[in-house]
Each structure stands twice: as C-alpha cells, then as structure tokens.
Amino acid sequence: MSENVEVLSAPLTLSLAINSKCNLDCKYCYAQPFTWNEMKKEDAFRILDQAKKMQIFQVVLEGGEPTLHRDMFEILEYTLSLGFEANLVTNGTTMTPQKAKKFRIVAEKYQQWPGVQVSIDAVQSEINDRTRGKGERVKIGIETLLNEGVPISLGIVVTHSNVEHLKEIVDEYYPRITKYHFIGLMPTWKSTLYASELRLTEQDCKVLAKIDNEINQMMRRGPNLEVTMLRDKDDFPQVQDEQAKIVCNAGYHQIIVNSDLTVATCDIAPNISIGDLKHQTLREVWESTELKELRATGLPPCILNLQRDKHTKFSEIDKNIVTMEITKMRRENIASTYNNTSTKLTVSN
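Every chain begins its residue count from 1, and numbering advances along the sequence as written. Where local features are concerned, this predicted model is filtered to residues with pLDDT of at least 70; where side-chain atom pairs are given and counted, the filter is 80 or more; whole-chain, interface and lining totals use all residues. Only hydrogens and water are removed before side-chain values are computed, so all heavy atoms of the structure are retained for them.

Asker: Could you clarify how one ought to interpret the sheet that holds strand S3 (residues 85-90) in this entry?
Answerer: By definition, the strands of a sheet pair up through backbone hydrogen bonds, in either a parallel or an antiparallel sense. With mixed pairing, the ten strands of this open sheet are ordered in space as S7-S6-S5-S4-S3-S2-S1-S8-S9-S11. Each end of this open sheet is capped by a strand with a single partner; those strands are strand S7 (226-228) and strand S11 (275-276). Sheet strands touched by helix H1 (residues 41-53): strand S1 (13-17), strand S2 (58-62) and strand S8 (254-257). Its angle to S1, the strand with the most contacts, is close to 175 degrees. Any two strands with at least two DSSP bridges between them are considered paired. The secondary structure listing takes helices from DSSP runs of H or I that are at least 4 residues long and strands from runs of E that are at least 2 residues long, numbered from the N terminus. Two residues qualify as a contact provided that any one of their heavy atoms is within 4.5 Å of a heavy atom in the partner residue. In this analysis an axis means a line fitted to C-alpha atoms, helices contributing only their contacting stretch, and an angle means the value between N-to-C directions, from 0 to 180 degrees.

Asker: In this structure, what is going on with helix H2 (residues 72-81)? I would like to understand it.
Answerer: Helical periodicity: at 3.6 residues per turn, an α-helix aligns residues three or four positions apart in one direction. Those residues of H2 not exposed but buried are Met-72, Phe-73, Ile-75, Leu-76, Thr-79 and Leu-80. When H2 is viewed along its axis, its buried side chains cluster within an angular range of 160 degrees and face the same direction. Packed against the buried residues of H2 are H1, S2, S3 and helix H3 (97-109). Once H2 finishes, Gly-83 follows within two positions and takes phi at roughly 90 degrees, a positive value. Exposure classes here rest on a 1.4 Å probe applied to the protein chains alone. A residue is buried below 20% of its type maximum, exposed above 50%, and partly exposed in between. This arc is taken over the directions from the axis of the helix to the C-beta atoms.

Asker: Just to check I follow, could you spell out the packing of aromatic side chains for this structure?
Answerer: Each Phe, Tyr or Trp ring, with Trp reduced to its six-membered ring, pairs with another whose centre is within 6.5 Å; inter-plane angles below 30 degrees give stacked pairs, above 60 give edge-to-face pairs, and intermediate values give tilted ones. In total, this model carries four aromatic pairs according to the counting rule given. Geometrically, the ring pair formed by Phe-34 and Trp-36 is edge-to-face, given 6.1 Å between the ring centres and 70 degrees between the ring planes. On the basis of relative accessible area, Phe-34 is assigned to the buried category, the value being 17%. Overall, the relative accessible area of 52% leaves Trp-36 in the exposed class.

Asker: Is there a simple way to think about the pairing of strand S6 (residues 179-184) in this case?
Answerer: Successive residues of a regular strand alternate their side chains across the two faces of the sheet. The side-chain alternation of S6 yields one buried face, formed by Tyr-180, Phe-182 and Gly-184, and one unburied face, formed by Lys-179, His-181 and Ile-183. In this fold, strand S5 (residues 152-158) hands off to helix H6 (residues 166-173), which returns the chain to S6; that crossover is right-handed. Here S6 runs beside S7; their pairing, made up of three bridges, is parallel. Bridging from a neighbouring strand, His-181 pairs with Thr-228 of S7. A clockwise course of the path from the first strand over the helix to the second, judged with the strands pointing away from the viewer, identifies a crossover as right-handed.

Asker: So what exactly am I meant to see when it comes to the state of the cysteines here?
Answerer: Put plainly, two cysteines are in a disulfide when a covalent bond ties their sulfur atoms together. Count a disulfide wherever a pair of cysteine sulfur atoms falls within 2.5 Å. Using the criterion set out here, one finds zero disulfides in the structure. No disulfide involves Cys-26; its sulfur sits 6.1 Å from the nearest other cysteine sulfur, which is in Cys-29. Using a relative accessible area of 11% as the deciding quantity, one classes Cys-26 as buried.

Asker: Sorry, what's going on with the packing of H2 against H3 here?
Answerer: Describing two packed helices takes the angle between their axes plus the distance from one axis to the other. Axis separation between H2 and H3 bottoms out at 11 Å; the angle between their running directions is 10 degrees. As judged from the angle between their axes, H2 and H3 are roughly parallel. For the pair formed by H2 and H3, the contact residues are Met-72, Phe-73, Leu-76, Glu-77 and Leu-80 on the first element and Lys-99, Lys-102, Phe-103, Val-106 and Lys-109 on the second. For this classification, the nonpolar set comprises Ala, Val, Leu, Ile, Met, Phe, Trp, Tyr, Cys and Pro, the charged set comprises Asp, Glu, Lys and Arg, and every other residue, Gly included, is treated as polar. A per-class count over the contact of H2 with H3 returns six nonpolar, no polar and four charged. Small angles under 35 degrees read as roughly parallel and large ones over 145 as roughly antiparallel, with 65 to 115 read as roughly perpendicular and the rest as oblique.

Asker: Would you explain the pattern of salt bridges in this entry?
Answerer: If charged atoms from side chains of opposite charge come close, those side chains can pair. Salt bridges are defined as contacts in which a side-chain nitrogen from Lys or Arg sits within 4 Å of a carboxyl oxygen from Asp or Glu. Applying the stated rule across the entire model yields 16 salt bridges. With a shortest N-O distance of 2.7 Å, Glu-38 and Arg-70 are connected by a salt bridge. Highlighted residues: Glu-38 in the loop between S1 and H1 and Arg-70 in the loop between S2 and H2, separated in sequence by 32 residues. We note a salt bridge from Lys-41 to Glu-74, for which the minimum N-O separation is 2.8 Å. Within this pair, whereas Lys-41 is found in helix H1, its partner Glu-74 is found in helix H2, the two being separated by 33 residues in sequence. Classification of Lys-41 by relative accessible area gives partly exposed; the value is 22%.

Structure follows, in structure tokens:
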C-alpha cells in the first residue's frame, strides 16, 4: 500500500484537532464520538513551536468544529505568525458577522493565508441535510464570510446522495469562490453504518466522470477556477493507469494531534494512537517505534480505526489480524469494506 512512499525527516502536514465538539452529526464523520474537550491554547502554541523546529510546512486547524474553540483566533494567528501555510476547516454553521470580521482582519494581516474552507455537500438544503444538516445555516455562513471579503474555499464530500448535484455548487458560487475540493468518502466507523445511501454506485461513477469532464472544461474557460476532484479507481473504474490510485500518506507525510494531545497518523484514524504529547515531543513521536511498526504493516490506519470508539495504542493491536488483512483490504480496493459490514477489521482492546 505505502511501499513507495518516502519516509521524511518530518511530516509535510500537521493537523491540529483543537477541540472534540461539533454542532452537527454528519453521516460520514471521522471525529466522532466527540469527547467535548478542548485543547489549551498553551498546548497548541507549544506543539506549533515544535512543528516549526521540525520544519513542517502546513498546519490544518480542525475539530470537531474549530470555530467553537474559545481561543481559535489566537491559535490561528499564532500559526500564521510562525510562517506556516495554514488551513482552517469549518462547517460554516456557527459563522456570525463578528467572527467573519475577525477572519477578515486576519486575512488582511496575513495575505498569504488561503482563508477558510467551508464544508457543504449541496446548494439545495434538503440534499445537503441528508448527510450533514443545517444546510440553510451553511449557506448563510458562506454569504457572511463573502460579505466581509474573507477568502474561502468549499469542501464537498462526494456520495450517492449528492453526486448528481456537484456542478451546481460551482455554478452557484463561481466566480465569488474560485477553489473547490471534491473529497472521496472515507471508511469511518460512521460511514459504514450508512453505506447503502453513501457509497457510489456504478451509475454514480459514470455521472461523476461526466461532471469531472464538464468542470475541466469550465477550468479551461474560467479564470482562476481551481477544482480538485477525487481520482480513486473506485470512482473512475474506467481509468486503469497507476495515477488513479490513492497512495496513503498517513504517517509518512502527515500526522494529527488530537484535542487530548494524543497523536495519530491521520484524522480519519484518530483513535489509533502512536504517541502522547503530554509526555513526548512531536519529534519523539515521529521517530517512535510505534509509528515505524504501523508503517511496516502496509495497512491504512483508517482500516484499523473501524469499529473503534476509544484510543488504542498501535502496540496493543493484534498483529496477527493486521497481517491477515493486509492483502485483501488495500487502499485501492477499500470500497469492499462497505459491501458487508462483517468484513470490518476488529482489533483487540
């Protein structure tokens, strides 16, 4: 799975889950169950200082819902002051004119900041709410940010529920918004519960390929339009080249610190712990035996995370089960995990 991924001296991307609370209940959520705790800003600053020394390039501020953190703006400004490329991901429903104004001030002060990424699955609220909820509030939040001149991008999770309506999002907001990220459905314990209504069908894949072509034509005509579209073989089965494969960079190019200061390889697998920054440094975790052993399995951490509802150290996982699952559950065939929930990996407590 990741045999061709280079192990770097430091990750390229650090995700900080600054809280574990949210006002939505998305059907594919990877951050649940929420603990409702919050990372102290002093801890966030300390971790960011360590990341700077490691020469990490990008920092993603997320949650939960990061805008519910009392010190979110201070953490964002400190991140930018250290020179990181900083992204902040929000569901947009908690946006107020006061918050939007603060975001504008940050954007004016740090002009290299790409702005806020807002999550939305459809411009029609009834379609958006099938997977996310509070669609009207999302659209109000987007307009509130736009009215303040805050740079924003949109993140869209592609599912059976919204695949036919993806281009409508671009049609609705371009050219006021020029950046769109269409994201593939990931195998979380939550998404497996709703597999029948989320997983793309063969017909959906054909629709997605058609929309991809239409958006590519728009990009050739439209100035500054930037769209990233998922490119997995499961989404474009007619594509046979190696570029269509998704290579898992978890633990190779990226790492996440949870709100309780435990460390995981990615936000899709927050409960597979490879360290704890309450008594370790970020560098120590990156060079730890735990992470080296996890890489050695060749198995995506998101598979290990299925059915987990509490933190588990990788050293506590049954390695025999891992070994048996490596071949049949590689990333390029990950859609098979949705066909039958009985195939989900079970790990020891």
